[in-house]
Number of protein chains: 2
Amino acid sequence: MSFDANRLQKKINATFKDHALLEQALTHRSIGQNNNERLEFLGDSILGFVVADEIYKRFPTVDEGIMSRLRAHLVNRDSLANVAKKLKLSDELVLGPGEMKSGGKHRASILSDAVEAIIGAIYKDKGLTEATSWVLAVFKEQLDFLSLETATKDPKTQLQEYLQGRGVAVPKYTVISTTGLDHDQQFKIECEVACLNEIVHATASSRKKAEQKAASKILESLL
Amino acid sequence: MSFDANRLQKKINATFKDHALLEQALTHRSIGQNNNERLEFLGDSILGFVVADEIYKRFPTVDEGIMSRLRAHLVNRDSLANVAKKLKLSDELVLGPGEMKSGGKHRASILSDAVEAIIGAIYKDKGLTEATSWVLAVFKEQLDFLSLETATKDPKTQLQEYLQGRGVAVPKYTVISTTGLDHDQQFKIECEVACLNEIVHATASSRKKAEQKAASKILESLL
């Protein structure tokens with residue numbers, strides 16, 4: 001299918017003054033110049049801000065680590081690709097012949113980039129208020145489903161899952177010192193994530209608690 | 001020194017309706033509740049957007065990889081800490097006694113977080129237009145100095161410097177295959193960054209070019 005601005009505008013429920021900008025947003029770099037990478041860069045930053053702002057408002061009491069995790073849960077390649085599928089963007093993508101042949105129009109990275117580029121294009125065409133409204137409408141369902149539960153899996157489990165997902169070694173926890181009397185002991189532990197060259201320390205009233213605290217510190221620096 | 005909203009407002013050249021919000025922006029987590037971490041999360045996302053937007057406008061022809069590098073050059077812990085020093089924020093920080101004693105007020109991470117939290121606080125107090133103006137004023141010099149040269153150091157050098165800066169092993173480049181006739185050879189190389197569990201391939205008409213291409217791919221996934 002060739003690019004059809006009207007059909008696409010209906011799908012994404014947004015009208016553009018500048019149809020060329022909209023076409024650019026759907027144009028993959030396999031086409032060459034005038035592709036969507038610059039708009040994607042811009043759209044990604046808008047998306048990051050709009051979602052941060054929304055999480056700040058919706059979760060007025062959670063700390064920054066949880067806010068980061070909530071955002072990462074909402075804004076990631078797969079969730080963006082799902083938005084693209086919901087909007088039926090696959091057939092609107094402008095791809096080079098090689099990408100077309102190899103099934104690029106269903107590839108998560110290409111779909112997710114197109115969504116970010118559309119956000120950038122709406123911003124350039126109509127301003128931030130419109131871009132914000134579009135983001136909030138398109139992510140409404142996910143935002144409404146976002147819950148603290150999403151972000152409150154215990155930190156050790158989360159860290160382990162994160163590292164295993166990247167196929168690298170799991171963290172190593174070592175007790176460095178135990179101080180205080182029996183009924184009031186403090187455990188200082190070290191957590192090392194070799195591949196990140198990251199070592200953190202944490203102290204708590206039990207070994208388990210100290211380990212969770214250390215894992216949480218590392219997660220915060222990752223997300 | 002105790003917190004003084006008027007003195008601080010003069011230093012940062014911004015007035016607040018809500019002085020408590022400004023105090024919160026300077027309050028480190030070592031104080032306990034009501035610290036600046038949430039505002040920092042918000043400010044970080046605003047800063048990311050404002051700088052992306054500015055780079056998009058100032059460099060209308062560069063590709064996304066270079067835009068990312070330009071932004072990373074401007075927005076990083078050290079550059080933000082420098083902004084904090086220029087604004088003389090050290091004595092305005094509200095720190096717990098432990099942090100105070102250990103020299104926290106000069107620590108780059110604490111200073112840079114405070115700058116991001118101020119951006120978040122201006123946004124909450126006066127809206128995005130004011131927050132944007134503040135960012136552009138405070139980063140004016142760095143933005144004006146930002147040049148393509150910054151972002152166009154050759155990719156192998158950049159990648160090596162990046163990894164060395166984190167104290168981890170430098171990339172390993174291996175020629176995997178050489179194809180074609182003498183006057184038209186193609187070199188396929190593999191670049192492995194062990195600590196990132198990242199392997200990429202690239203092909204070019206010389207070994208050197210292929211290595212640069214591979215380094216560039218990895219950089220783009222990092223920045």
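Quick caveat: nothing in here was measured; it's all calculated off a predicted structure.

A.B. asks: So, the interface of chain B and chain A: which residues are in play, and what are the values?
C.D. replies: Between chain B and chain A, the residue contacts involve 21 residues of the former and 21 residues of the latter. Among the elements of the structure, α3 (37–58) and α4 (64–74) of chain B are those that each provide at least two residues to the side of chain B that touches chain A. If you tally residues by element for the side of chain B that touches chain A, the top one is α3 of chain B, at 12 residues.

A.B. asks: Any chance you could break down the sheet that holds strand β3 (residues 198–204) of chain A for me, citing the residues and the numbers?
C.D. replies: Across a sheet, strands are paired by hydrogen bonds formed along the backbone, either parallel or antiparallel in direction. Residues and elements named next belong to chain A. Spatially, β1-β2-β3 is the arrangement adopted by the 3 strands of the open sheet, whose pairing is antiparallel. Both edges of this open sheet fall to β1 (172–179) and β3, since each of them pairs with a single strand only. Pairs of neighbouring strands in the sheet enclose a mean axial angle of 20°, with direction left out of account. Across 7 bridges, the pairing between strand β2 (residues 186–193) and β3 is antiparallel. Bridge pairing links lysine 188 to threonine 203 in β3.

A.B. asks: Residue-level account of the sheet that holds strand β3 (residues 198–204) of chain B, with values.
C.D. replies: Residue and element names in this part refer to chain B. Within the open sheet, the 3 strands sit side by side as β1-β2-β3. Their pairing is antiparallel. This sheet does not close on itself; its edge strands, each paired only once, are β1 (172–179) and β3. Each neighbouring strand pair of the sheet contributes to a mean axis angle of 20°, computed without reference to strand direction. For β1 and strand β2 (residues 186–193), the ladder comprises 7 bridges, and the chain directions are antiparallel.

A.B. asks: Quick rundown of the packing of helix α5 (residues 77–86) of chain B against helix α7 (residues 108–126) of chain B? Include the residues and the values.
C.D. replies: Residue and element names in this part refer to chain B. Contact pair α5 / α7: the axes reach a minimum separation of 7 Å and the direction vectors enclose 75°. Taken together, the axes of α5 and α7 are roughly perpendicular relative to one another. Residues Arg77, Asp78, Leu80, Ala81, Val83, Ala84 and Lys85 of α5 form the contact with α7, whose own contacting residues are Ala108, Ser109, Leu111, Ser112, Ala114, Val115 and Glu116. Partitioning the contact of α5 with α7 into residue classes produces 8 nonpolar, 2 polar and 4 charged.

A.B. asks: Run through the relation of the copies chain B and chain A, naming residues and quoting values.
C.D. replies: Between chain B and chain A, which share one sequence, the superposing operator has a rotation angle of 180° and an axial displacement of 0.5 Å; the RMSD is 0.6 Å. The operation mapping one copy onto its partner corresponds to a two-fold rotation axis. Taking C-alpha positions as reference, the residue of chain B nearest the rotation axis is cysteine 195 of chain B, located at 2.1 Å. When the interface residues of chain B are mapped onto chain A, 100% of them are again interface residues, pointing to one common binding face.

A.B. asks: Residue-level account of helix α8 (residues 128–138) of chain B, with values.
C.D. replies: All names here are of chain B. Inspection of α8 places Ala131, Thr132, Trp134, Val135 and Val138 among the buried residues, and these make up the whole buried set. Looking straight down α8, one finds its buried side chains confined to an arc of 160°; they lie on one side. Of the exposed residues in α8, those oriented more than 90 degrees away from the buried face are Thr129 and Ala137. Turning to α8, the residues buried within the fold contact α3, α5 and α7.

A.B. asks: Quick one: what's the story with the domain arrangement of chain A, residue by residue and with numbers?
C.D. replies: What the domain assignment reports for chain A is domain 1 (5–147) and domain 2 (155–222). Here the C-alpha centroids of domain 1 of chain A and domain 2 of chain A sit 36 Å apart.

A.B. asks: Account for the confidence of the model for chain A, naming residues and giving values.
C.D. replies: Chain-level statistics for chain A give a pLDDT mean of 90 and a share of 96% at 70 or above. Reported confidences for the modelled complex are a pTM of 0.73 and an ipTM of 0.73.

Here is what the cut-offs are and how they apply
- Residues numbered from 1 in each chain as written.
- Chains lettered and ligands numbered in written order.
- Predicted model: local features only at pLDDT ≥ 70, side-chain atom pairs only at ≥ 80, totals over all residues.
- Contact = placed C-beta atoms within 7 Å.
- Helix = DSSP H or I, 4+ residues; strand = E, 2+ residues; numbered from the N terminus.
- Pairing = 2+ DSSP bridges.
- Axes fitted to C-alpha atoms, helices over the stretch in contact; angles between N-to-C directions.
- Parallel < 35°, antiparallel > 145°, perpendicular 65-115°, else oblique.
- Nonpolar A, V, L, I, M, F, W, Y, C, P; charged D, E, K, R; others polar.
- Least-squares fit on C-alpha atoms with pLDDT ≥ 70 in both.
- Buried ≥ 20, exposed ≤ 12 C-beta atoms within 10 Å, placed from the backbone.
- Arc of directions from axis to C-beta.
- Domains from an automatic or database assignment.
- pLDDT = per-residue confidence, 0-100.

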